[in-house]
Amino acid sequence: MSVVDFHRIHHAYERGNQVLRDVSFTVERRQVLGLLGKNGAGKTTLLRLAMGLLKAQEGEVRLLGLDPRERPLEVKLRVGYVSEDQILPPALRVRQVLDFHRGVFPTWDEEVARRLGERFEIPSEAKIKTLSRGQVRQVALLCAIAHRPELLILDEPAGGLDPAARREFLETSIQLLNEAGSTILFSSHYMSDVERLADRIVMLHDGGVLVDSELDELRESYSLAMVPAGPETSPERLRALAGCTSVRRRGDSLHLVFELEPQAAESLLERELGIANSRCSALALEEMFIELVGGQAPESS
Amino acid sequence: MQIHITSASDLPIYRQIMRQIVDAVAGDRLRPGDKLTSQRELAEQLVVSPLTVKKAYDELEREGLIQTQRGRGTFVAARATAVDPAAQRQRLREMVRRLLSRAHLGGLDFTSVLALAHEVHAELEAERAAEGGSDNDESGSTPRESESES
(Lines give C-alpha, C1' and ligand atoms only; values in the text may rest on other atoms or scores of the structure.)
Protein backbone atom coordinates (compact mmCIF):
# COMPACT_ATOMS: atom_id res chain seq x y z
CA MET A 1 0.00 0.00 0.00
CA SER A 2 1.26 3.43 -0.88
CA VAL A 3 1.45 5.98 1.90
CA VAL A 4 -0.05 8.65 -0.36
CA ASP A 5 -2.05 7.92 -3.46
CA PHE A 6 -3.36 10.62 -5.79
CA HIS A 7 -5.53 9.06 -8.43
CA ARG A 8 -6.65 11.07 -11.46
CA ILE A 9 -7.23 14.30 -9.55
CA HIS A 10 -9.02 17.16 -11.28
CA HIS A 11 -9.65 20.41 -9.48
CA ALA A 12 -10.77 23.90 -10.39
CA TYR A 13 -11.53 26.77 -8.02
CA GLU A 14 -13.90 28.40 -10.45
CA ARG A 15 -15.13 27.48 -13.85
CA GLY A 16 -12.45 27.75 -16.50
CA ASN A 17 -9.67 28.05 -13.92
CA GLN A 18 -8.48 24.45 -13.89
CA VAL A 19 -5.70 24.12 -11.31
CA LEU A 20 -5.11 20.37 -11.50
CA ARG A 21 -5.76 18.26 -14.54
CA ASP A 22 -5.60 14.48 -14.22
CA VAL A 23 -2.82 14.35 -11.62
CA SER A 24 -1.76 10.87 -10.47
CA PHE A 25 1.19 9.75 -8.41
CA THR A 26 1.95 7.83 -5.26
CA VAL A 27 4.43 8.21 -2.41
CA GLU A 28 5.84 4.98 -1.02
CA ARG A 29 6.92 4.18 2.51
CA ARG A 30 10.10 5.94 3.65
CA GLN A 31 10.22 7.97 0.48
CA VAL A 32 10.89 11.70 0.56
CA LEU A 33 9.06 13.33 -2.30
CA GLY A 34 9.74 16.92 -3.29
CA LEU A 35 6.80 18.60 -5.01
CA LEU A 36 8.01 21.34 -7.35
CA GLY A 37 6.32 23.85 -9.59
CA LYS A 38 6.02 27.55 -10.19
CA ASN A 39 3.75 29.72 -8.06
CA GLY A 40 0.19 28.78 -8.95
CA ALA A 41 1.13 25.36 -10.30
CA GLY A 42 -1.24 23.69 -7.85
CA LYS A 43 1.17 22.42 -5.17
CA THR A 44 -0.74 23.86 -2.24
CA THR A 45 -4.07 22.75 -3.70
CA LEU A 46 -2.79 19.21 -4.01
CA LEU A 47 -1.49 19.14 -0.43
CA ARG A 48 -4.76 20.58 0.87
CA LEU A 49 -6.63 17.88 -1.02
CA ALA A 50 -4.36 15.31 0.61
CA MET A 51 -5.27 16.61 4.07
CA GLY A 52 -8.97 16.59 3.24
CA LEU A 53 -9.19 20.39 3.58
CA LEU A 54 -10.53 20.51 0.02
CA LYS A 55 -12.62 18.00 -1.83
CA ALA A 56 -11.38 16.94 -5.24
CA GLN A 57 -13.95 17.55 -7.94
CA GLU A 58 -12.79 14.37 -9.61
CA GLY A 59 -10.45 11.62 -8.60
CA GLU A 60 -9.46 10.00 -5.33
CA VAL A 61 -6.95 10.71 -2.57
CA ARG A 62 -5.80 8.10 -0.08
CA LEU A 63 -3.49 8.65 2.88
CA LEU A 64 -2.28 5.52 4.64
CA GLY A 65 -5.08 3.80 2.77
CA LEU A 66 -7.72 6.15 4.22
CA ASP A 67 -9.97 8.71 2.59
CA PRO A 68 -9.07 11.97 4.37
CA ARG A 69 -12.61 13.31 3.91
CA GLU A 70 -14.24 10.26 5.46
CA ARG A 71 -11.74 9.55 8.23
CA PRO A 72 -10.38 13.02 9.03
CA LEU A 73 -9.54 12.34 12.66
CA GLU A 74 -7.62 9.16 12.06
CA VAL A 75 -5.68 10.79 9.24
CA LYS A 76 -4.86 13.86 11.31
CA LEU A 77 -3.59 11.78 14.21
CA ARG A 78 -1.21 9.82 12.00
CA VAL A 79 -0.05 12.62 9.72
CA GLY A 80 2.00 15.70 10.54
CA TYR A 81 1.00 18.71 8.46
CA VAL A 82 2.38 22.21 8.19
CA SER A 83 0.50 24.49 5.85
CA GLU A 84 1.95 27.36 3.91
CA ASP A 85 0.29 29.99 6.07
CA GLN A 86 0.23 28.29 9.45
CA ILE A 87 -2.33 29.90 11.69
CA LEU A 88 -1.76 29.43 15.40
CA PRO A 89 -3.89 31.29 17.96
CA PRO A 90 -2.10 34.64 18.39
CA ALA A 91 -3.05 35.08 22.03
CA LEU A 92 -1.69 31.74 23.20
CA ARG A 93 1.76 31.23 24.61
CA VAL A 94 4.09 28.73 22.92
CA ARG A 95 3.82 26.51 25.98
CA GLN A 96 0.03 26.45 25.70
CA VAL A 97 0.19 25.50 22.02
CA LEU A 98 2.49 22.61 22.88
CA ASP A 99 0.27 21.55 25.80
CA PHE A 100 -2.69 21.45 23.46
CA HIS A 101 -0.87 19.22 20.94
CA ARG A 102 0.46 17.00 23.69
CA GLY A 103 -3.10 16.45 24.83
CA VAL A 104 -4.43 15.67 21.37
CA PHE A 105 -1.76 13.28 20.12
CA PRO A 106 -1.33 9.99 22.01
CA THR A 107 1.98 9.46 20.20
CA TRP A 108 3.47 12.80 21.37
CA ASP A 109 7.18 12.44 22.13
CA GLU A 110 8.22 14.93 24.80
CA GLU A 111 11.91 14.24 24.16
CA VAL A 112 11.60 15.25 20.49
CA ALA A 113 9.61 18.33 21.46
CA ARG A 114 12.18 19.38 24.04
CA ARG A 115 15.11 18.85 21.69
CA LEU A 116 13.51 20.77 18.85
CA GLY A 117 12.45 23.55 21.17
CA GLU A 118 16.05 23.97 22.32
CA ARG A 119 17.39 23.77 18.81
CA PHE A 120 14.97 26.36 17.50
CA GLU A 121 15.49 28.51 20.61
CA ILE A 122 11.78 29.14 20.91
CA PRO A 123 10.89 31.02 24.12
CA SER A 124 8.13 28.92 25.65
CA GLU A 125 6.47 31.78 27.53
CA ALA A 126 6.24 34.05 24.51
CA LYS A 127 2.87 34.70 22.94
CA ILE A 128 2.45 33.58 19.34
CA LYS A 129 1.62 37.14 18.22
CA THR A 130 5.01 38.39 19.45
CA LEU A 131 6.98 35.81 17.43
CA SER A 132 8.47 36.39 13.99
CA ARG A 133 7.02 34.59 11.01
CA GLY A 134 9.93 32.19 10.99
CA GLN A 135 9.50 31.40 14.68
CA VAL A 136 5.78 30.67 14.25
CA ARG A 137 6.69 28.31 11.46
CA GLN A 138 9.18 26.57 13.73
CA VAL A 139 6.51 26.11 16.40
CA ALA A 140 4.22 24.62 13.74
CA LEU A 141 7.00 22.30 12.55
CA LEU A 142 7.72 21.21 16.07
CA CYS A 143 4.07 20.34 16.61
CA ALA A 144 3.93 18.43 13.32
CA ILE A 145 7.07 16.41 14.03
CA ALA A 146 6.85 15.75 17.78
CA HIS A 147 3.96 13.32 17.55
CA ARG A 148 6.16 11.11 15.37
CA PRO A 149 3.77 10.92 12.43
CA GLU A 150 3.96 8.11 9.89
CA LEU A 151 3.72 10.75 7.18
CA LEU A 152 4.77 14.38 7.15
CA ILE A 153 3.14 16.77 4.70
CA LEU A 154 4.91 20.10 4.53
CA ASP A 155 3.84 22.98 2.35
CA GLU A 156 6.86 25.22 1.80
CA PRO A 157 8.36 24.29 5.17
CA ALA A 158 11.27 26.67 4.68
CA GLY A 159 9.20 29.67 3.61
CA GLY A 160 10.07 32.65 5.75
CA LEU A 161 13.03 30.97 7.44
CA ASP A 162 16.53 32.41 7.30
CA PRO A 163 19.32 30.15 5.96
CA ALA A 164 20.39 29.03 9.44
CA ALA A 165 16.85 28.14 10.48
CA ARG A 166 16.32 26.39 7.15
CA ARG A 167 19.40 24.27 7.73
CA GLU A 168 18.18 23.45 11.23
CA PHE A 169 14.89 22.35 9.81
CA LEU A 170 16.72 20.12 7.30
CA GLU A 171 18.87 18.63 10.05
CA THR A 172 15.74 17.91 12.06
CA SER A 173 14.06 16.24 9.11
CA ILE A 174 17.07 14.07 8.47
CA GLN A 175 17.26 13.01 12.08
CA LEU A 176 13.60 12.17 11.91
CA LEU A 177 14.20 10.06 8.80
CA ASN A 178 17.09 8.30 10.51
CA GLU A 179 15.21 7.62 13.71
CA ALA A 180 11.63 7.06 12.69
CA GLY A 181 11.85 6.21 9.01
CA SER A 182 9.03 8.61 8.23
CA THR A 183 7.63 9.31 4.81
CA ILE A 184 7.72 12.95 3.73
CA LEU A 185 5.80 14.82 1.06
CA PHE A 186 6.91 18.43 0.84
CA SER A 187 6.72 21.33 -1.55
CA SER A 188 9.56 23.79 -1.88
CA HIS A 189 11.03 26.54 -3.96
CA TYR A 190 14.48 26.01 -2.45
CA MET A 191 16.13 23.65 -4.89
CA SER A 192 19.18 23.21 -2.68
CA ASP A 193 16.93 21.93 0.13
CA VAL A 194 15.15 19.65 -2.31
CA GLU A 195 18.46 18.17 -3.45
CA ARG A 196 19.48 17.42 0.09
CA LEU A 197 16.22 15.97 1.30
CA ALA A 198 14.28 14.46 -1.60
CA ASP A 199 14.66 11.04 -3.16
CA ARG A 200 12.02 11.70 -5.71
CA ILE A 201 10.67 14.73 -7.55
CA VAL A 202 7.26 15.49 -8.95
CA MET A 203 7.12 18.67 -10.98
CA LEU A 204 3.71 20.20 -11.65
CA HIS A 205 3.22 22.40 -14.68
CA ASP A 206 0.12 23.57 -16.55
CA GLY A 207 -2.06 21.57 -14.18
CA GLY A 208 -0.38 18.26 -14.85
CA VAL A 209 2.65 16.21 -13.82
CA LEU A 210 5.53 17.32 -16.04
CA VAL A 211 8.23 15.24 -14.34
CA ASP A 212 7.95 12.29 -11.97
CA SER A 213 11.36 10.77 -11.38
CA GLU A 214 13.94 9.66 -8.87
CA LEU A 215 16.04 12.75 -8.20
CA ASP A 216 19.36 11.13 -9.08
CA GLU A 217 17.93 9.65 -12.23
CA LEU A 218 16.61 13.04 -13.20
CA ARG A 219 20.02 14.58 -12.57
CA GLU A 220 21.79 11.96 -14.64
CA SER A 221 19.40 11.43 -17.50
CA TYR A 222 18.78 15.04 -18.54
CA SER A 223 21.15 17.46 -20.18
CA LEU A 224 21.21 21.00 -21.44
CA ALA A 225 22.43 21.87 -24.92
CA MET A 226 23.10 25.35 -26.22
CA VAL A 227 22.98 25.87 -29.94
CA PRO A 228 23.21 29.05 -31.95
CA ALA A 229 19.88 30.34 -33.29
CA GLY A 230 19.71 30.18 -37.08
CA PRO A 231 17.59 29.12 -40.04
CA GLU A 232 18.43 25.43 -39.58
CA THR A 233 17.71 25.53 -35.85
CA SER A 234 14.15 26.75 -35.72
CA PRO A 235 12.50 26.06 -32.37
CA GLU A 236 9.89 23.89 -34.14
CA ARG A 237 12.54 21.70 -35.67
CA LEU A 238 14.43 21.38 -32.41
CA ARG A 239 11.31 20.57 -30.46
CA ALA A 240 10.64 17.69 -32.87
CA LEU A 241 13.94 16.00 -31.99
CA ALA A 242 13.59 12.74 -30.11
CA GLY A 243 14.18 13.28 -26.40
CA CYS A 244 13.90 17.07 -26.54
CA THR A 245 11.68 18.26 -23.69
CA SER A 246 12.00 22.01 -23.95
CA VAL A 247 13.41 24.78 -26.10
CA ARG A 248 14.03 28.29 -24.83
CA ARG A 249 15.48 31.22 -26.66
CA ARG A 250 18.13 33.17 -24.76
CA GLY A 251 19.70 36.00 -26.72
CA ASP A 252 21.26 34.62 -29.88
CA SER A 253 21.24 31.03 -28.72
CA LEU A 254 18.70 28.36 -27.94
CA HIS A 255 18.66 26.28 -24.78
CA LEU A 256 17.46 22.73 -25.25
CA VAL A 257 16.74 20.23 -22.52
CA PHE A 258 17.09 16.62 -23.58
CA GLU A 259 16.04 13.53 -21.75
CA LEU A 260 19.42 12.11 -22.72
CA GLU A 261 22.88 11.99 -21.22
CA PRO A 262 25.11 14.85 -22.39
CA GLN A 263 27.15 12.75 -24.80
CA ALA A 264 24.06 11.18 -26.35
CA ALA A 265 22.58 14.65 -26.82
CA GLU A 266 25.76 15.89 -28.48
CA SER A 267 25.79 13.03 -30.96
CA LEU A 268 22.09 13.47 -31.67
CA LEU A 269 22.61 17.13 -32.53
CA GLU A 270 25.50 16.25 -34.78
CA ARG A 271 23.61 13.44 -36.50
CA GLU A 272 20.29 15.25 -36.98
CA LEU A 273 21.34 18.84 -37.50
CA GLY A 274 25.00 18.64 -38.36
CA ILE A 275 25.93 20.74 -35.31
CA ALA A 276 29.39 19.43 -34.52
CA ASN A 277 30.48 21.70 -31.71
CA SER A 278 27.50 21.81 -29.38
CA ARG A 279 28.32 21.63 -25.69
CA CYS A 280 25.93 19.57 -23.64
CA SER A 281 26.14 19.40 -19.89
CA ALA A 282 24.38 17.99 -16.88
CA LEU A 283 22.10 20.36 -15.02
CA ALA A 284 21.78 21.28 -11.38
CA LEU A 285 18.18 21.08 -10.19
CA GLU A 286 17.66 24.82 -10.13
CA GLU A 287 18.75 25.21 -13.75
CA MET A 288 16.61 22.26 -14.71
CA PHE A 289 13.58 23.82 -13.07
CA ILE A 290 14.10 27.08 -14.91
CA GLU A 291 14.75 25.40 -18.25
CA LEU A 292 11.69 23.19 -17.96
CA VAL A 293 9.10 25.57 -16.60
CA GLY A 294 10.69 29.00 -16.83
CA GLY A 295 9.21 31.62 -19.13
CA GLN A 296 10.26 32.10 -22.71
CA ALA A 297 12.41 35.08 -23.49
CA PRO A 298 10.78 37.24 -26.17
CA GLU A 299 11.45 35.77 -29.61
CA SER A 300 12.52 39.12 -30.98
CA SER A 301 15.39 39.77 -28.59
CA MET B 1 36.56 11.40 6.84
CA GLN B 2 36.17 14.87 5.36
CA ILE B 3 33.44 15.13 2.82
CA HIS B 4 32.02 18.32 1.47
CA ILE B 5 29.00 18.44 -0.74
CA THR B 6 27.29 21.25 -2.57
CA SER B 7 23.84 21.25 -4.04
CA ALA B 8 24.74 23.63 -6.86
CA SER B 9 27.00 21.04 -8.46
CA ASP B 10 26.04 19.36 -11.69
CA LEU B 11 26.88 16.07 -9.96
CA PRO B 12 24.13 14.46 -7.90
CA ILE B 13 24.96 14.32 -4.19
CA TYR B 14 25.51 10.55 -4.06
CA ARG B 15 28.10 10.93 -6.84
CA GLN B 16 29.85 13.69 -4.91
CA ILE B 17 30.06 11.41 -1.87
CA MET B 18 31.33 8.51 -3.97
CA ARG B 19 33.92 10.65 -5.71
CA GLN B 20 35.31 12.03 -2.47
CA ILE B 21 35.65 8.62 -0.89
CA VAL B 22 37.36 7.34 -4.03
CA ASP B 23 39.69 10.33 -3.95
CA ALA B 24 40.46 9.75 -0.29
CA VAL B 25 41.39 6.14 -1.01
CA ALA B 26 43.41 7.09 -4.07
CA GLY B 27 45.17 9.83 -2.10
CA ASP B 28 45.96 7.48 0.79
CA ARG B 29 43.88 9.48 3.25
CA LEU B 30 41.76 6.37 3.67
CA ARG B 31 43.59 3.07 3.77
CA PRO B 32 42.42 -0.52 3.45
CA GLY B 33 40.81 -1.57 6.72
CA ASP B 34 39.90 1.96 7.77
CA LYS B 35 36.40 2.32 9.10
CA LEU B 36 34.06 4.69 7.32
CA THR B 37 31.63 7.01 9.07
CA SER B 38 28.32 5.19 9.48
CA GLN B 39 25.58 5.97 6.99
CA ARG B 40 23.32 7.49 9.62
CA GLU B 41 26.05 9.67 10.98
CA LEU B 42 27.21 10.80 7.56
CA ALA B 43 23.63 11.69 6.56
CA GLU B 44 23.38 13.90 9.65
CA GLN B 45 26.83 15.40 9.18
CA LEU B 46 26.26 16.30 5.55
CA VAL B 47 22.58 17.09 6.06
CA VAL B 48 21.47 14.89 3.19
CA SER B 49 18.87 12.17 2.93
CA PRO B 50 19.93 8.85 4.49
CA LEU B 51 18.88 7.14 1.27
CA THR B 52 21.38 9.23 -0.66
CA VAL B 53 24.24 8.13 1.59
CA LYS B 54 23.04 4.55 1.36
CA LYS B 55 23.07 4.76 -2.41
CA ALA B 56 26.66 6.06 -2.47
CA TYR B 57 27.83 3.29 -0.10
CA ASP B 58 25.93 0.61 -2.04
CA GLU B 59 27.54 1.71 -5.30
CA LEU B 60 31.02 1.77 -3.77
CA GLU B 61 30.43 -1.66 -2.32
CA ARG B 62 29.32 -2.97 -5.69
CA GLU B 63 32.52 -1.61 -7.17
CA GLY B 64 34.49 -3.43 -4.51
CA LEU B 65 36.01 -0.36 -2.88
CA ILE B 66 34.34 -0.80 0.49
CA GLN B 67 32.88 -3.68 2.46
CA THR B 68 30.14 -3.76 5.04
CA GLN B 69 30.54 -6.19 7.91
CA ARG B 70 27.31 -6.87 9.70
CA GLY B 71 27.17 -5.27 13.09
CA ARG B 72 30.67 -3.82 12.77
CA GLY B 73 30.41 -1.16 10.13
CA THR B 74 31.78 -0.29 6.73
CA PHE B 75 35.47 -0.55 5.92
CA VAL B 76 37.76 0.25 3.03
CA ALA B 77 38.26 -3.05 1.22
CA ALA B 78 41.59 -4.84 1.63
CA ARG B 79 42.28 -4.69 -2.04
CA ALA B 80 40.67 -1.41 -2.93
CA THR B 81 41.61 -1.10 -6.55
CA ALA B 82 41.00 1.83 -8.84
CA VAL B 83 37.29 2.11 -9.35
CA ASP B 84 35.61 1.50 -12.68
CA PRO B 85 38.35 2.19 -15.24
CA ALA B 86 35.90 3.62 -17.77
CA ALA B 87 34.56 6.19 -15.30
CA GLN B 88 38.07 7.01 -14.16
CA ARG B 89 39.12 7.52 -17.74
CA GLN B 90 36.15 9.76 -18.45
CA ARG B 91 37.04 11.92 -15.45
CA LEU B 92 40.65 12.22 -16.49
CA ARG B 93 39.52 13.04 -20.00
CA GLU B 94 37.55 16.03 -18.69
CA MET B 95 40.54 17.19 -16.69
CA VAL B 96 42.83 16.87 -19.68
CA ARG B 97 40.37 18.78 -21.77
CA ARG B 98 40.36 21.67 -19.29
CA LEU B 99 44.13 21.51 -19.04
CA LEU B 100 44.58 21.74 -22.79
CA SER B 101 42.14 24.65 -23.11
CA ARG B 102 44.03 26.50 -20.39
CA ALA B 103 47.32 25.74 -22.11
CA HIS B 104 45.96 27.01 -25.39
CA LEU B 105 44.84 30.27 -23.78
CA GLY B 106 48.22 30.55 -22.10
CA GLY B 107 49.97 30.21 -25.46
CA LEU B 108 51.46 26.77 -24.74
CA ASP B 109 51.45 24.32 -27.60
CA PHE B 110 50.81 20.62 -27.17
CA THR B 111 54.49 19.67 -27.07
CA SER B 112 55.13 22.09 -24.22
CA VAL B 113 52.23 20.63 -22.30
CA LEU B 114 53.69 17.14 -22.74
CA ALA B 115 57.08 18.37 -21.61
CA LEU B 116 55.42 19.89 -18.56
CA ALA B 117 53.69 16.59 -17.81
CA HIS B 118 57.03 14.78 -17.97
CA GLU B 119 58.55 17.35 -15.64
CA VAL B 120 55.76 16.95 -13.05
CA HIS B 121 55.90 13.19 -13.37
CA ALA B 122 59.64 13.24 -12.60
CA GLU B 123 58.97 15.45 -9.57
CA LEU B 124 56.36 13.04 -8.24
CA GLU B 125 58.70 10.11 -8.76
CA ALA B 126 61.43 11.90 -6.86
CA GLU B 127 59.05 12.69 -3.99
CA ARG B 128 57.91 9.12 -3.82
CA ALA B 129 61.50 7.87 -3.74
CA ALA B 130 62.35 10.38 -1.00
CA GLU B 131 59.49 9.01 1.15
CA GLY B 132 61.36 5.73 1.04
CA GLY B 133 58.32 3.81 -0.07
CA SER B 134 59.13 1.11 -2.59
CA ASP B 135 55.47 1.21 -3.56
CA ASN B 136 54.39 -0.54 -6.67
CA ASP B 137 54.58 1.75 -9.66
CA GLU B 138 51.32 1.82 -11.58
CA SER B 139 52.45 4.43 -14.08
CA GLY B 140 52.98 1.80 -16.73
CA SER B 141 50.57 3.17 -19.25
CA THR B 142 51.82 5.89 -21.53
CA PRO B 143 49.58 8.65 -22.78
CA ARG B 144 48.37 8.32 -26.32
CA GLU B 145 48.81 11.43 -28.37
CA SER B 146 45.96 10.67 -30.74
CA GLU B 147 43.50 11.88 -28.10
CA SER B 148 44.50 15.52 -28.26
CA GLU B 149 41.71 18.00 -28.79
CA SER B 150 41.63 21.68 -29.31
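Residues numbered from 1 in each chain as written. Chains lettered and ligands numbered in written order. Predicted model: local features only at pLDDT ≥ 70, side-chain atom pairs only at ≥ 80, totals over all residues.

Take the overall build of chain A next. The helix and strand tally for chain A stands at 11 helices and 13 strands. Oriented by its inertia axes, the alpha-carbon framework of chain A measures out at about 70 × 40 × 35 Å. Residue pairs at least 24 apart in sequence account for 70% of intrachain contacts in chain A once pairs closer than 6 positions are excluded. (Helix = DSSP H or I, 4+ residues; strand = E, 2+ residues; numbered from the N terminus. Contact = placed C-beta atoms within 7 Å.)

The next thing to look at is the sheet that holds strand β1 (residues 4-14) of chain A. Residues and elements named next belong to chain A. Strands sit in the order β2-β1-β4 across an open sheet of three strands; the sheet is antiparallel. The open sheet has two edge strands, β2 (17-27) and β4 (58-63), and neither has a second partner. When the angles between neighbouring strand axes are averaged without regard to direction, this sheet yields 25°. Of the strands in this sheet, β1, β2 and β4 are in contact with helix α1 (residues 43-50), which crosses β1 at around 120°. (Pairing = 2+ DSSP bridges. Axes fitted to C-alpha atoms, helices over the stretch in contact; angles between N-to-C directions.)

This paragraph deals with the domain arrangement of chain B. Frequently, the measure chosen for interface size is the accessible area that the parts lose on association. Split by domain assignment, chain B resolves into domain 1 (13-76) and domain 2 (85-132). Summarising the inter-unit geometry, the C-alpha centres of domain 1 of chain B and domain 2 of chain B are found 28 Å apart. (Domains from an automatic or database assignment.)

All names here are of chain A. Contact geometry for helix α4 (residues 110-120) and helix α5 (residues 133-146): axes closest at 9 Å, N-to-C directions at 160°. As far as their axial angle goes, α5 and α4 are roughly antiparallel. You can see that α4 and α5 cross each other, and the crossing is right-handed. Seen from α4, the contacting residues are Val112, Ala113, Leu116, Gly117 and Phe120; seen from α5, they are Gln138, Leu142, Ile145 and Ala146. In the contact of α4 with α5, the residues fall into seven nonpolar, two polar and no charged. (Parallel < 35°, antiparallel > 145°, perpendicular 65-115°, else oblique. Left-handed = near helix turned anticlockwise from the far one by under 90°. Nonpolar A, V, L, I, M, F, W, Y, C, P; charged D, E, K, R; others polar.)

Glancing now at the domain arrangement of chain A. All names here are of chain A. For chain A, the assigned domains read domain 1 (4-214) and domain 2 (222-293). Summarising the inter-unit geometry, the C-alpha centres of domain 1 and domain 2 are found 36 Å apart. Taken together, the nine residues of domain 1 in the interface contact five residues of domain 2. Every element with two or more residues in the side of domain 1 that touches domain 2 is listed here: α7 (191-197), β8 (200-205) and β9 (208-214). No other element matches the three residues that α7 contributes to the side of domain 1 that touches domain 2. Partitioning the side of domain 1 that touches domain 2 into residue classes produces six nonpolar, one polar and two charged.

So, on to the packing of helix α6 (residues 163-180) of chain A against helix α2 (residues 39-46) of chain B. Where α6 of chain A meets α2 of chain B, the axes come as close as 9 Å, and the angle between the chain directions of the two elements is 165°. The angle between α6 of chain A and α2 of chain B places the two elements in the roughly antiparallel class. Here the hand of the crossing between α6 of chain A and α2 of chain B comes out right-handed. In contact with Glu171, Ile174, Gln175 and Asn178 of chain A of α6 of chain A, α2 of chain B contributes Arg40, Ala43 and Glu44 of chain B. Broken down by class, the residue content of the contact of α6 of chain A with α2 of chain B amounts to two nonpolar, two polar and three charged.

Moving on to the pairing of strand β2 (residues 73-76) of chain B. All names here are of chain B. Across four bridges, strand β1 (residues 66-69) lies against β2 in antiparallel orientation. Across the sheet, residue Gln67 finds its bridge partner in β2, namely Phe75. Counted between consecutive antiparallel strands, the loop separating β1 from β2 contains three residues, among which Gly71 sits at a positive phi close to 80°.

Here we take up the interface of chain B and chain A. Listed as interface residues are 16 residues of chain B and, on the opposing side, 21 residues of chain A. For the side of chain B that touches chain A, the secondary structure elements donating two or more residues are α1 (13-26), α2 and α3 (50-62) of chain B. Looking at side-chain class alone, the side of chain B that touches chain A contains nine nonpolar, three polar and four charged residues.

A word on helix α3 (residues 94-104) of chain A. Residues and elements named next belong to chain A. Within α3, the full set of buried residues consists of Val94, Val97 and Leu98. The arc enclosing the buried residues of α3, seen along the axis, measures out at 95°, which places them on a common side. Turned more than 90 degrees away from the buried face of α3 sit Asp99 and Gly103, all of them exposed. Summarising the contacts, the buried residues of α3 are in contact with α4 and α5. (Buried ≥ 20, exposed ≤ 12 C-beta atoms within 10 Å, placed from the backbone. Arc of directions from axis to C-beta.)

So, about the sheet that holds strand β13 (residues 279-281) of chain A. All names here are of chain A. The antiparallel open sheet is built from four strands, whose spatial order is β11-β12-β10-β13. Bordering the open sheet on either side are β11 (244-250) and β13, each of which pairs with just one other strand. Each strand of the sheet is rotated relative to its neighbour by a mean of 20°, with strand direction disregarded. Relative to strand β12 (residues 253-258), strand β10 (residues 223-228) runs antiparallel, the two being bridged by six bridges. Pairing of Met226 across the sheet is with His255, part of β12. The sheet contacts of helix α10 (residues 262-273) involve β10, β12 and β13, and relative to β10 the element is tilted by about 30°. Along the sheet, helix α11 (residues 285-293) contacts β10, β11 and β12; its crossing angle with β11, the most-contacted strand, is approximately 85°.

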